[in-house]
Amino acid sequence: RKKVTLGTIRSLFKKKEPITVMTAHDFPSAYVADSAGMEMILVGDSLAMVALGMEDTSEVLVEEMLLHCRSVSRAAKAAFTIGDLPMGSYEVSPEQALQTAIRFVKEGRVQSVKLEGGREMAPTIRKITAAGIPVLGHIGLTPQRQNALGGFRVQGKTCPAALKVLDDALALQEAGCFAMVLEAVPAEVAAIVTGELSVPTIGIGAGAGCAGQVLVQIDMTGNFPPGRFIPKFVKKYGDVWSESFRAIGAYRDEVKSRAYPAPEHTYPIAKDELEAFAK
Ligand code: KIV
Ligand code: NA
């Protein structure tokens, strides 16, 4: 497979072919996403929860993101990579944001960065893109701002709120974003916003009218225990948790019953050597 570039993304968008994006947080999860043909791989700060067991994404540090970005980048042979700037690493000033974005490229080895926020982030997006680092925007539901939003709620459900999503999208495009994530926005609103833009929207909980789609990998592969909450927009394409649980349970049983390891899992020794040793 040929390396995906921003040129590839632009040509998919022109052809109206949906762009496929998936999160990954380490070498194996990136390797499988890349092998399965994802055009872009996002090292989302959702890894705070799905890989590090944190309560929400506000806890994850730049250094932690960088370690995961480096592991993902090693596995992303074809996919275009995006590193998610964590809360606190870019909001203070455009200079702070550029410094963090440069670390993501130099130390995280990703090809672009993502940051959350609308029109107010335009100067920051300009600063980073002017330094030659592509920026993926993220509007609608912005999880890093959950406390200000009053929780994880759908955005753009009233006319003024939908107009704000559109205004933010236009500001992000104008500031130079190569694409933008639209999260948890009514499908009709997302479709209209998408139609107003000349850069792709990447939807998550935003319907089929977006130019591309993104999902969190452990959600869509079903790699989580029964009973865990998953958002309405997630489709479970697999049951990785059950398969791992079954395999580990079978191993436990076979160790307890001494069925494992069997002779074929052991190494031979020559008879004379063994006799000499056993003496
Ligand atoms: O952190 C993340 O995984 C994300 C995607 C869901 C867009 O921001
Ligand atoms: Na994120």
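As the structure is a prediction and not an experimental result, all values here were calculated from the model.

## A word on the overall build of the chain
Here is step 1 of the chain: Counting secondary structure elements, the chain contains 12 helices and eight strands.
Here is step 2 of the chain: Overall, the C-alpha framework of the chain stretches about 85 × 40 × 40 Å when taken along its three principal axes.
Here is step 3 of the chain: Counting only residues that meet the buried cut, the chain has 41% of its 279 residues in that class.
Here is step 4 of the chain: The long-range fraction of contacts in the chain, counting pairs at least 24 apart against all pairs at least 6 apart in sequence, stands at 58%.

## A closer look at the pairing of strand β1 (residues 19-23)
Here is step 1 of the chain: Burial analysis of β1 places four of its five residues in the buried class, which makes it a mostly covered element.
Here is step 2 of the chain: For β1 and strand β8 (residues 212-215), the ladder comprises four bridges, and the chain directions are parallel. Each residue of the ladder has a partner; that of Met 22, found in β8, is Leu 215.
Here is step 3 of the chain: Relative to strand β2 (residues 40-43), β1 runs parallel, the two being bridged by three bridges. Each bridged residue has a counterpart across the sheet, and for Met 22 the counterpart in β2 is Ile 41.

## Here we look at the site of ligand 1
Here is step 1 of the chain: Taken together, Thr 23, Leu 42, Gly 44, Asp 45, Ser 46, Asp 84, Val 181, Ile 204, Val 214 and Val 216 make up all the residues around ligand 1.
Here is step 2 of the chain: Split into classes, the residues belonging to the shell around ligand 1 amount to five nonpolar, three polar and two charged.

## Some details on the packing of helix α6 (residues 122-130) against helix α8 (residues 159-175)
Here is step 1 of the chain: Where α6 contacts α8, the axes come no closer than 8 Å and their chain directions differ by 25°. The orientation of α6 relative to α8 falls into the category roughly parallel. In the crossing of α6 with α8, the sense of the turn from one axis to the other is right-handed. Between α6 and α8, the residues in contact are Ala 122, Ile 125 and Arg 126 and Ala 171, Leu 172, Glu 174 and Ala 175, respectively.
Here is step 2 of the chain: Along the lines of polarity and charge, the residues of the contact of α6 with α8 split into five nonpolar, no polar and two charged.

## Here we look at the pairing of strand β6 (residues 179-183)
Remember that side chains alternate between the two faces of the sheet whenever the strand is regular.
Here is step 1 of the chain: Extensive coverage of β6 is indicated by the burial of five of its five residues.
Here is step 2 of the chain: Burial along β6 is two-sided: Ala 179, Val 181 and Glu 183 and Met 180 and Leu 182, pointing in opposite directions, are all buried.
Here is step 3 of the chain: In the sheet, strand β5 (residues 135-140) pairs with β6 via five bridges, with the strands oriented parallel. Following the sheet pairing, Leu 136 is matched in β6 by Ala 179.

## Thoughts on the packing of helix α4 (residues 62-75) against helix α5 (residues 94-106)
Here is step 1 of the chain: Between α4 and α5, whose axes approach to 9 Å, the crossing angle comes to 30°. Between α4 and α5, the angle falls in the class roughly parallel. Read as a crossing pair, α4 and α5 show a hand that is right-handed. Residue-level contacts link Val 62, Leu 66 and Cys 69 of α4 to Thr 100, Arg 103 and Phe 104 of α5.
Here is step 2 of the chain: When its residues are assigned to classes, the contact of α4 with α5 shows four nonpolar, one polar and one charged.

## Description of α6
Here is step 1 of the chain: Listed in full, the buried residues belonging to α6 are Ala 122, Thr 124, Ile 125, Lys 127 and Ile 128.
Here is step 2 of the chain: Residues of α6 that are buried in the fold lie against α5, β4 (112-114), β5 and α8.
Here is step 3 of the chain: Downstream of α6 by a residue or two, Gly 132 has a phi angle that is positive, lying close to 90°.

## Some remarks on the nonpolar core
Here is step 1 of the chain: With 65 residues, the main nonpolar core has Met 40, Ile 41, Val 43, Val 113, Met 180, Leu 182 and Ile 202 as its most contacted residues.
Here is step 2 of the chain: Ranked by residues supplied to this core, first place goes to α4 with six residues.
Here is step 3 of the chain: Leave out the neighbours within four places in its chain, and Ile 41 touches Met 22, Ala 24, Ala 30, Ala 33, Asp 34, Val 72, Ala 76, Ala 79 and Thr 81.

## Re the sheet that holds β6
Here is step 1 of the chain: As summarised here, the arrangement of the eight strands in space is β1-β2-β3-β4-β5-β6-β7-β8, forming a closed barrel in which the pairing is parallel. Adjacent strand axes in the sheet meet at a mean angle of 25°, parallel and antiparallel pairs treated alike.
Here is step 2 of the chain: Across the sheet, helix α9 (residues 187-196) touches β6 and β7 (201-204), and the angle it forms with β7 is around 170°.

## What to know about the environment of Asp 167
Here is step 1 of the chain: By secondary structure assignment, the location of Asp 167 is in helix α8.
Here is step 2 of the chain: In sequence terms Asp 167 and Thr 23 are 144 residues apart; their C-alpha atoms lie 27 Å from each other.

## A closer look at helix α2 (residues 27-35)
Here is step 1 of the chain: Here α2 has its buried residues at Ser 29, Ala 30, Ala 33 and Asp 34. Relative to the axis of α2, the buried residues are bounded by an arc of 130° and lie together on one face.
Here is step 2 of the chain: The first or second residue beyond α2 is Gly 37, which carries a positive phi of 95°.

Thresholds, definitions, all that
- Residues numbered from 1 in each chain as written.
- Chains lettered and ligands numbered in written order.
- Predicted model: local features only at pLDDT ≥ 70, side-chain atom pairs only at ≥ 80, totals over all residues.
- Helix = DSSP H or I, 4+ residues; strand = E, 2+ residues; numbered from the N terminus.
- Buried ≥ 20, exposed ≤ 12 C-beta atoms within 10 Å, placed from the backbone.
- Contact = placed C-beta atoms within 7 Å.
- Pairing = 2+ DSSP bridges.
- Near = placed C-beta within 6 Å.
- Nonpolar A, V, L, I, M, F, W, Y, C, P; charged D, E, K, R; others polar.
- Axes fitted to C-alpha atoms, helices over the stretch in contact; angles between N-to-C directions.
- Parallel < 35°, antiparallel > 145°, perpendicular 65-115°, else oblique.
- Left-handed = near helix turned anticlockwise from the far one by under 90°.
- Core = buried A, V, L, I, M, F, W, Y, C linked by C-beta atoms within 7 Å.
- Arc of directions from axis to C-beta.

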